Amino acid sequence: MAKAAVNYACTECGYSAGRWFGKCPGCSSFGTLVEEVAGQVVHAKAPPKPLLRLVDVEVEEAARIPTGVAELDRVLGGGLVPASLVLVGGEPGVGKSTLLLTALAAISRDRRALLVTGEESTAQVKLRAQRLGGAERVEILAETELDTVCATLESERPDVCVIDSVQTLYSAELGSAPGSVGQVREAAARLLRVAKEAGVATILVGHVTKDGSVAGPRVLEHLVDCVLQFEGDRYRAHRVLRAVKNRFGSTNELGVFEMTGAGLVGVPDPSELFGRTAGGEAGAAVACALEGTRPILLEIQALVSATDLAMPRRVATGVDPKRLAMIVAVLGRHAGIALGQADVFVNVAGGVRIEEPGADLAVALAIASAARGVPVREGLGAFGEIGLTGRLRPATQAERRLEECAKLGLRAVLAPIDTPAHGKLQVQHEETLRRAIRSGLDSDRPEGE
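Note that the structure is predicted; figures quoted are calculated from it, not measured.

Undergrad: Sorry if this is basic, but what is going on with the nonpolar core here?
TA: Soluble globular proteins: nonpolar side chains tend toward being buried together. Grouped together as the largest cluster of nonpolar side chains are 51 residues, with contacts concentrated most on Ile300, Leu331, Val346, Leu365, Ile367, Leu433 and Ile437. The greatest single-element share of this core, amounting to nine residues, is contributed by helix H8 (residues 360-372). If near-sequence neighbours (up to four positions away) are discounted, Ile437 is found in contact with Leu331, Ala335, Ile337, Ala364, Leu365, Ala368 and Arg372. Of all hydrophobic cores here, the second largest spans 35 residues; its members include Val69, Leu101, Leu132 and Ala135.

Next comes the structure, spelled out in structure tokens:
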């Protein structure tokens, strides 16, 4: 009897090798290669297909399927596209199943909605559905065998199907255990083919742990049409849903949810939630960031303290650590704020992560306020990109940012020179970081008060 071939696949990037490595050659992660047995594949000769020219291809304008959850529709780009494959990833317990069951409940009012559960029994799902309410017409299937799930989708052809989760599906043709890289890839590939042929909008749920020991969205991103990342701490009330990949919409959109006793509820105005600051506090500034088409006000908190370490710490939560180090260097070189013997801590309130450079000025303003012990002027917001020369560069879509600042009730905005004026706000234009910090701090209060 021939010995089955054994491969080692990385759970982070999907790299496959014939022997085990402590460090993955593909993504340089340690301890992520797991063993999987390759099944015997019988290659059948397929007949050739006729070729088409793009001019002869007929495109059907299919309307998007609204999910009934406004924040989810925003991130998807307006709703689910028929026959698409969407992957929702996140840590266990963050609220993926609750959110998707709420969406299925709204979809089932007008269309057929199916939930394939492999982690919970039908009774457990019904208990959650009773708590959420409105999910009486959702159809459910408790199955983990991949062939059975695909056959059910091909015969029933629901409009929307949720697979919770893709790690529980297994194919008997593969020798590896459920949840391995091979099984997850096979399940995603089969479901992708069924979704395209049967016209079923399919949503896959993928769990990702912090140490990357479970195969998750990273090995499936090239297969699916859309990848949504659910972020947040299970011990906090708020969650953030962002698009990592979207073939039918923007990848910069962001949705904010609040976990309540009745499930996840969308937050239509996150600026009111994350952008409020307490007056007179040194080290706090309001940034107007842009997430896709949505401007959002965020409170930036900074702490500067003397250190006895040879290498001072630069700790960032919600901000890119490399960008924080650059801002600290520019502050010391061009703004006269010496931070070489101080630890700098920066945090974005609410657990939101900022990736765009338009929040640089607010981060620098919060650090300068903490270093000098002088609060930022009350009712002041800030946005703008900081260059290595200390010059402020304009941020994109400044008009939308100013409208959001005026809606929240800010009185003034600190921005680069090329920012347009606004009728309801006092827009203070500055060219360099040094002058911006000088005008942004409360000059009526002495340092250290």
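Undergrad: What's the story with the pairing of strand S8 (residues 201-207) in this structure? I'm lost.
TA: For a regular strand, the rule is simple: side chains alternate between the two faces of the sheet. Most of S8 sits inside the fold, with seven of its seven residues counted as buried. Burial of the side chains of S8 extends over both faces: Ala201, Ile203, Val205 and His207 are buried on one face and Thr202, Leu204 and Gly206 on the other. In this sheet, S8 lies alongside strand S4 (residues 85-90) in parallel orientation, the contact comprising six bridges. Bridge pairing in S8 links Val86 to Ile203. With five bridges joining them, strand S7 (residues 160-164) and S8 adopt parallel strand pairing.

Undergrad: Got a minute to help me understand the confidence of the model for the protein in this structure?
TA: Detail in the predicted coordinates should be disregarded across regions flagged by low pLDDT. In this model, the protein carries a mean pLDDT of 86, and residues with pLDDT of at least 70 account for 92%. Mean pLDDT in the protein bottoms out at strand S3 (residues 33-37), which sits at 75, and peaks at strand S18 (residues 385-386), which reaches 96. In this model residues 211-215 is a low-confidence stretch, pLDDT under 50, and it forms 14 contacts with partners more than four residues away in sequence or in other chains.

Parameters at a glance
- Residues numbered from 1 in each chain as written.
- Predicted model: local features only at pLDDT ≥ 70, side-chain atom pairs only at ≥ 80, totals over all residues.
- Heavy atoms only, no water.
- Core = buried A, V, L, I, M, F, W, Y, C linked by side-chain atoms within 4.5 Å.
- Buried < 20%, exposed > 50% of the residue type's maximum accessible area, 1.4 Å probe, protein only.
- Helix = DSSP H or I, 4+ residues; strand = E, 2+ residues; numbered from the N terminus.
- Contact = heavy atoms within 4.5 Å.
- Pairing = 2+ DSSP bridges.
- pLDDT = per-residue confidence, 0-100.

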